[in-house]
Amino acid sequence: MASANKTAVPGESLRTHLRAATMAAHDLLDHAMQAANGWQTRADYARFLSLQHAARAPLESWLAAHAPADLVPPPQTGLIAQDLARLGLPSPAPAPLFTIGRPGPGAALGIAWVLAGSALGNKAIVKQVVRIGGGGWPVAFLGDDGAMAFWQGLRARIERPAAPAEAEGATRAAEAVFAHFLGVAEGGQAEDAARESLPA
Ligand code: HEM
């Protein structure tokens, strides 16, 4: 069985280990971002895109500054901004800085895994967005082929066991990224609640 702590089980692939360690966080995030089956309106979709933009902007900056070129997924904030503009909305300001202190072994790999792996979820969500939006909602971000291509390339690197220090560093970093996304998503919900409580 996959371990749910930071120490990889001998022989376990890094991907299996990372998925097990972040499964609960992923479920929380999925719920907080209200996956497409909970969306009714363009405003719901725009909120999802705004959260994605706010959370990803500092992560893309972190990877650009700290990661080797082969661990930098194609940036997607430009695609999200494009979708928001097509919905008639400006891009949101970036979320607060993302930091994990001094990057150790595995940190860039863990961050790249979360961003690249989310392309799998996006592939599922885009089908629902096309259905709910009657084909009229922009999907440059969710339908991004570049993200999927990067993901396929990363698989060879993670579908094998990693050295213990690398596995531990990647797990810590991946957990930090999920916590960062969750903070942005929950902050967005707090803003929604505050807006709804205002007199019309
Ligand atoms: C917004 C709602 C979301 C939904 C509905 C969703 C859904 C999914 C689905 C269906 C998968 C594929 C599971 C599989 O094939 O085994 C997946 C995997 C994944 N998602 Fe999400 N996701 C969401 C948000 C996110 C976000 C915001 C992130 C990044 C912070 C993320 C990161 C990942 C990762 C890292 C994987 C696993 C990659 C792997 O298999 O190694 N997801 N998600």
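All values derive from a computational prediction rather than experimental measurement. (Residues numbered from 1 in each chain as written. Predicted model: local features only at pLDDT ≥ 70, side-chain atom pairs only at ≥ 80, totals over all residues. Heavy atoms only, no water.)

### Quick word on the packing of helix α2 (residues 42-66) against helix α4 (residues 107-132)
When two helices pack together, their arrangement is given by the angle between the helix axes and the distance between those axes. At their nearest, the axes of α2 and α4 sit 12 Å apart, and the two run at 160° to each other. If you check the angle between α2 and α4, you find them roughly antiparallel. Every pair of crossing elements has a handedness; the one defined by α2 and α4 is left-handed. Contact residues: Tyr45, Phe48, Arg56, Leu59, Trp62 and Leu63 in α2; Ala107, Ala108, Ile111, Ala112, Leu115, Ser118, Asn122, Ile125 and Val129 in α4. Looking at the contact of α2 with α4, its residues break down into twelve nonpolar, two polar and one charged. (Axes fitted to C-alpha atoms, helices over the stretch in contact; angles between N-to-C directions. Helix = DSSP H or I, 4+ residues; strand = E, 2+ residues; numbered from the N terminus. Parallel < 35°, antiparallel > 145°, perpendicular 65-115°, else oblique. Left-handed = near helix turned anticlockwise from the far one by under 90°. Contact = heavy atoms within 4.5 Å. Nonpolar A, V, L, I, M, F, W, Y, C, P; charged D, E, K, R; others polar.)

### Quick word on the confidence of the model for the protein
Caution is warranted with low-pLDDT regions, since their predicted coordinates should not be read in detail. Here the protein averages 89 in pLDDT, while 88% of its residues score no lower than 70. Across the protein, helix α3 (residues 77-86) holds the top mean pLDDT of 97, while helix α6 (residues 164-197) sits lowest at 83. (pLDDT = per-residue confidence, 0-100.)

### With respect to the side chain of Thr171
As for its placement among the helices and strands, Thr171 is situated in helix α6. In this structure the side chain of Thr171 is engaged in a polar contact, spanning 3.2 Å, whose partner is the side chain of His17. (Polar contact = N/O pair within 3.5 Å; in protein donor to acceptor, adjacent residues only side chain to side chain.)

### So, the pattern of salt bridges
A side chain of one charge can pair with a side chain of the opposite charge when the charged atoms of the two come close. Here the structure, examined in full by the defined rule, presents four salt bridges. Among the salt bridges present, the one from Arg172 reaches Glu168, with a minimum N-O distance of 3.0 Å. With Arg172 and Glu168 both in helix α6 and four residues apart, this pair spans about one turn of that helix. (Salt bridge = Lys/Arg side-chain N within 4 Å of Asp/Glu carboxyl O.)

### Observations concerning the nonpolar core
Ranked by size, the top nonpolar core spans 56 residues in total, and within it Tyr45, Phe48, Trp113 and Leu154 carry the most contacts. Those elements giving two or more residues to this core turn out to be α1 (14-32), α2, α3, α4, α5 (145-158) and α6. With 13 residues, the single largest contributor to this core is α4. Excluding residues within four positions of it along the chain, Trp113 makes contact with Arg15, Leu18, Arg19, Thr22, Ser118, Trp151, Leu154, Ile158, Ala174 and Phe178. (Core = buried A, V, L, I, M, F, W, Y, C linked by side-chain atoms within 4.5 Å. Buried < 20%, exposed > 50% of the residue type's maximum accessible area, 1.4 Å probe, protein only.)

### What to know about the packing of aromatic side chains
Any pair of aromatic rings gets described here by the distance separating the centres and the angle formed by the planes. What the rule picks out here adds up to four aromatic pairs. Taken together, a centroid distance of 4.7 Å and an interplanar angle of 55° make the contact between Trp39 and Phe48 tilted. By way of ring pairs, the aromatic residues Trp39, Tyr45, Phe48 and Trp137 are connected into one cluster. (Phe/Tyr/Trp six-rings, centres within 6.5 Å; stacked < 30°, edge-to-face > 60°.)

### Thoughts on the environment of Leu142
Along the polypeptide, Leu142 turns up in the loop between α4 and α5. Assessed through its relative accessible area of 4%, Leu142 is described here as buried. Between the C-alpha atom of Leu142 and that of Ser118, which follows or precedes it by 24 residues, the distance is 9.7 Å. Not counting residues within four places of it along the chain, the set of residues in contact with Leu142 comprises Tyr45, Phe48, Asn122, Lys123, Ile125, Val126 and Val129.

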